[in-house]
Amino acid sequence: MPVPQAAVDGIINAEQALYGPFFGSLGVTAAMAFAAAGSAYGTAKAGTGIASMAVARPDLVMKAIIPVVMAGIVAIYGLVVAVIVSGKVEPGGTANYTINSGFSQFAGGLVCGICGLGAGYAIGIAGDAGVRALSQQPRMFVGMILILIFAEVLGLYGMIVALILGAT
């Protein structure tokens with residue numbers, strides 16, 4: 001039994017919903033907002049550790065600034081995803097931009113943003129403890145850097161997955 005053309009047209013119209021770009025834009029917002037929040041937390045938390053250790057060891061401040069720089073990079077991951085995904089958001093109701101595109105971009109933005117939030121949180125806590133330990137034992141520098149790299153890569157993984165989701 002053949003499918004009526006009205007049913008086929010209804011399915012096509014549902015797939016080309018006008019609210020698809022809303023979800024794409026929400027993905028852009030989630031990527032930038034959550035990644036920036038994680039970056040801000042990491043910067044603030046590591047910054048308090050630097051301020052605390054700088055009283056006793058001001059000569060180590062430039063070495064101790066690395067967690068703050070790494071926390072700032074997390075926001076750049078969110079910015080990259082937000083810019084790339086926002087360039088792919090198109091008006092809804094057309095064959096070029098389906099609801100699947102909007103949902104994929106929303107999921108990609110959430111992945112990047114929440115991974116950035118977690119990475120910033122981890123960098124802040126590890127950076128705070130690391131710079132305080134660095135002030136007492138300068139040989140802790142390499143260990144601190146390794147821990148910070150493993151915390152940073154969580155945000156990078158989120159960005160990679162977001163770019164894959166946003167490109168589909």
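- As recorded by an unreviewed UniProt entry, the chain carries the name V-type proton ATPase proteolipid subunit and is attributed to Caenorhabditis tropicalis.
- Database annotation for the chain, UniProt heading Sequence similarities (unreviewed entry): "Belongs to the V-ATPase proteolipid subunit family."

Regarding the UniProt feature "transmembrane region" (unreviewed entry) in the chain
Phase 1: When the UniProt feature table is mapped onto this chain, "transmembrane region" (unreviewed entry) is found at residues 22-43, 64-86, 106-129 and 141-165.
Phase 2: With 100% helix and 0% strand, residues 22-43 has end C-alpha atoms that lie 31 Å from one another.
Phase 3: Helix makes up 100% of residues 106-129 and strand 0%, with an end-to-end C-alpha separation of 35 Å.

A short note on the UniProt feature "domain: V-ATPase proteolipid subunit C-like" (unreviewed entry) in the chain
Phase 1: Per the UniProt record, "domain: V-ATPase proteolipid subunit C-like" (unreviewed entry) is found at residues 26-84 and 106-165.
Phase 2: Taken end to end, residues 26-84 is 92% helix and 0% strand, and its two terminal C-alpha atoms sit 14 Å from one another.
Phase 3: Annotated as 93% helix and 0% strand, the span residues 106-165 places its first and last C-alpha atoms 9 Å apart.

Observations concerning the environment of alanine 82
Phase 1: Here alanine 82 shows up in helix α4 (residues 66-88).
Phase 2: Apart from the residues within four sequence positions on either side, alanine 82 is in contact with Val28, Ala31 and Met32.

What counts, and at which threshold
- Residues numbered from 1 in each chain as written.
- Predicted model: local features only at pLDDT ≥ 70, side-chain atom pairs only at ≥ 80, totals over all residues.
- Heavy atoms only, no water.
- UniProt positions renumbered as here; feature names shortened; annotations may be inferred.
- Helix = DSSP H or I, 4+ residues; strand = E, 2+ residues; numbered from the N terminus.
- Contact = heavy atoms within 4.5 Å.

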